[in-house]
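# Summary of structural features
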Amino acid sequence: MPTTDTTTLTPQQTTARLDAIVTEIVDAIANTIAKHNVSYAEYRRATDWLTRAGGQVHEIPLLLDVFLATAVDNVNNPADGGTESNIEGPFYVPGAPRLEQPYVLAKRASDGETLIFSGTATSSDGAPLAGAVLDVWQANAAGEYSFIHPGVPEYNLRGQLVSDANGRFQFETVVPAPYEIPAAGATGEVLATLGRPTWRPGHIHFKITHDDARPLTTQIYFEGDPWIDCDVVGAVKKPLITRLDRHEDKTNRTYATCAYDFVLQSA
Ligand code: DHB
Ligand code: FE
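Heads up: these notes are all about the structure in this document. (Residues numbered from 1 in each chain as written. Chains lettered and ligands numbered in written order. Predicted model: local features only at pLDDT ≥ 70, side-chain atom pairs only at ≥ 80, totals over all residues. Heavy atoms only, no water.)

### Details of the overall build of the chain
- A count of helical and extended segments in the chain gives four helices and 12 strands.
- Considering only C-alpha atoms, the chain reaches an extent of 65 × 45 × 30 Å along its principal axes.
- Buried positions account for 38% of the 267 residues belonging to the chain.
- Long-range pairs, those at least 24 residues apart, make up 70% of the contacts in the chain with a sequence separation of at least 6.
- As presented, the chain carries roughly 14,900 Å² of accessible surface, and 56% of it is formed by carbon and sulfur atoms.
- Here the chain contributes 20 positive and 33 negative side-chain charges, whose respective centroids are spaced 3 Å apart. (Helix = DSSP H or I, 4+ residues; strand = E, 2+ residues; numbered from the N terminus. Buried < 20%, exposed > 50% of the residue type's maximum accessible area, 1.4 Å probe, protein only. Contact = heavy atoms within 4.5 Å. Areas by Shrake-Rupley, 256 points an atom, 1.4 Å probe, with all protein chains shown as cover. Lys, Arg positive; Asp, Glu negative; His and termini not counted. Charge placed at Lys NZ, Arg CZ, Asp CG, Glu CD.)

Pasting the structure below:
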């Protein structure tokens, strides 16, 4: 079912839609409370925990991203032939610099092992998409994002590049490390109580646009990552995992390569 275009709803329809959603959320929680005989003491533990979360900066959106963002992505981006979508995550920053060939994301020597990422952009009928814009962002080998973590230069490991006449692209970056979500707050508290890890596997984010195609927001993951089967936000989809190959350059330094072919649905 396509996502409801809420911009076309009348105020009455908006109220009815909200009422239905709120009623169903409350009913679902009430059913769980009944099913598990939740006590007043347990209920108070939950309200106290939510009070702590509310007092912590950015904690509520983090909590929702951890538990619910993947569900929203699944509804809004049903897989139907093209590359699977994936959550945008909280760290996208618009306006990343348009890079010039050869494409190299802004990075420092300390950001990690060199990675050459190559691939193609095609439409779902197999035609190459020339001039597709790939807006790329990622963490470094310490799991840090520019604009988010202190001490990282603006737009570090962020940039926009364009596919060539054959739909091909290649850019140089670094291998991203697994990323631990902020675990010191109420979200980390509940994950620790549940014995769940607080990590995401290393990943590179893409927003790919082309006049003839539906925009694609996705992430690419890497085989063998220790967190690939237990992503804290549950976002990993098997078709989005690629392989890192290791090589040695002339100075015996290792670098990695990987490839991914993106398929965009027709507009
Ligand atoms: C989340 C998503 C990311 O892509 C990321 O790098 C960090 C956190 C999240 O959904 O919370
Ligand atoms: Fe991310």
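Moving on from the model shown.
### Here we look at the coordination of the iron ion (ligand 2)
- All of the protein donors around the iron ion (ligand 2) are Y145 (OH), H203 (NE2) and H205 (NE2); their distances to the metal are 2.0 to 2.1 Å.
- The motif formed by the donor residues of the iron ion (ligand 2), counted along the single chain, is Y-x57-H-x1-H.
- Taking the relative accessible area as the measure of exposure, H205 reaches 3% and is therefore buried. (Donors = N, O, S within 2.8 Å, 3.2 Å for Na, K, Ca; no water.)

### So, the packing of aromatic side chains
- Following the criterion strictly, the structure yields 15 aromatic pairs and no others.
- Judged by centre distance (4.9 Å) and plane angle (55°), the rings of Y260 and F262 are tilted.
- For F262, a relative accessible area of 0% puts it in the buried group.
- When the ring centre of Y92 is taken as reference, the NZ or CZ atom of K207 above it lies at 4.8 Å. (Phe/Tyr/Trp six-rings, centres within 6.5 Å; stacked < 30°, edge-to-face > 60°. Lys NZ or Arg CZ within 6 Å of the ring centre and 35° of its normal.)

### Some points on the layout of surface pockets
- By volume, the largest pocket amounts to about 1,000 Å³.
- Around the largest pocket sit 22 residues that line it, and E42, A46, W49, L50 and V190 are the ones nearest its centre.
- Per element, the largest residue contribution to the lining of the largest pocket is eight residues, and it comes from helix α2 (residues 40–54).
- Taken together, the residues of the lining of the largest pocket sort by class into 13 nonpolar, four polar and five charged.
- If you add up the space inside the second largest pocket, you get close to 460 Å³.
- Taken together, 23 residues make up the lining of the second largest pocket; nearest its centre are L62, P90, F91, Y179 and P182. (1 Å grid on protein atoms, 1.4 Å probe; cavity = no way out; pocket = protein on both sides within 12 Å on 5 of 7 lines; lining within 4 Å. Points joined across faces, edges and corners; volume = space filled by probe spheres on them. Nonpolar A, V, L, I, M, F, W, Y, C, P; charged D, E, K, R; others polar.)

### Overview of helix α1 (residues 11–35)
- Between the first and last C-alpha of α1 there are 36 Å, a value that for 25 residues agrees with the 36 Å anticipated at 1.5 Å per step.
- Of the residues trailing α1, N37 is marked for its positive phi of about 50°. (Expected span 1.5 Å × (residues − 1).)

### Section: the nonpolar core
- With 46 residues, the main nonpolar core has F117, F171, F206 and F262 as its most contacted residues.
- Mapped by element, the contributors of at least two residues to this core are α3 (59–76), β2 (114–123), β3 (133–138), β5 (168–174), β8 (203–209), β9 (216–222) and β12 (254–264).
- Considering each element in turn, this core owes the most residues, five residues, to β12.
- Setting aside chain neighbours within four positions, we find F206 in contact with F117, L134, D135, V136, W137, F171, L216, T217, T218, I220 and F262. (Core = buried A, V, L, I, M, F, W, Y, C linked by side-chain atoms within 4.5 Å.)

### Notes on the site of ligand 1
- Around ligand 1 lies a shell formed by D65, I87, G89, P90, F91, Y145, Y179, R200, H203, H205, Q219 and V233.
- Within the side chain of Y145, one N or O atom sits 2.8 Å away from an oxygen atom of ligand 1.
- Contact distances for ligand 1 include 2.9 Å between an oxygen atom and a side-chain N or O atom of R200.
- Protein contact buries 99% of the 290 Å² of open area that ligand 1 shows by itself.
- One can see that ligand 1 is located within the second largest pocket.
- Each residue belonging to the shell around ligand 1 can be placed in one class, and the counts come to six nonpolar, four polar and two charged. (Near = heavy atom within 4 Å. Polar contact = N/O pair within 3.5 Å; in protein donor to acceptor, adjacent residues only side chain to side chain. Sits in = over half its atoms within 2 Å of the grid points.)

### Points about the packing of α3 against helix α4 (residues 186–194)
- Contact geometry for α3 and α4: axes closest at 8 Å, N-to-C directions at 40°. Judged by the angle between their axes, α3 and α4 are oblique. Contacts from E59, L62, L63, V66 and F67 in α3 reach A186, T187, G188, V190 and L191 in α4.
- Taken together, the residues of the contact of α3 with α4 break down into seven nonpolar, two polar and one charged. (Axes fitted to C-alpha atoms, helices over the stretch in contact; angles between N-to-C directions. Parallel < 35°, antiparallel > 145°, perpendicular 65-115°, else oblique.)

### Description of the sheet that holds β9
- Within the open sheet, the five strands sit side by side as β4-β3-β8-β9-β10. Their pairing is mixed. At either margin of the open sheet sits one strand with a lone partner, and together these are β4 (158–162) and β10 (241–242).
- As paired elements, β3 and β4 share five bridges and run antiparallel to each other. When the sheet's bridge partners are listed, V133 is paired in β4 with V162. (Pairing = 2+ DSSP bridges.)

What is shown is where atoms sit, not what they do.
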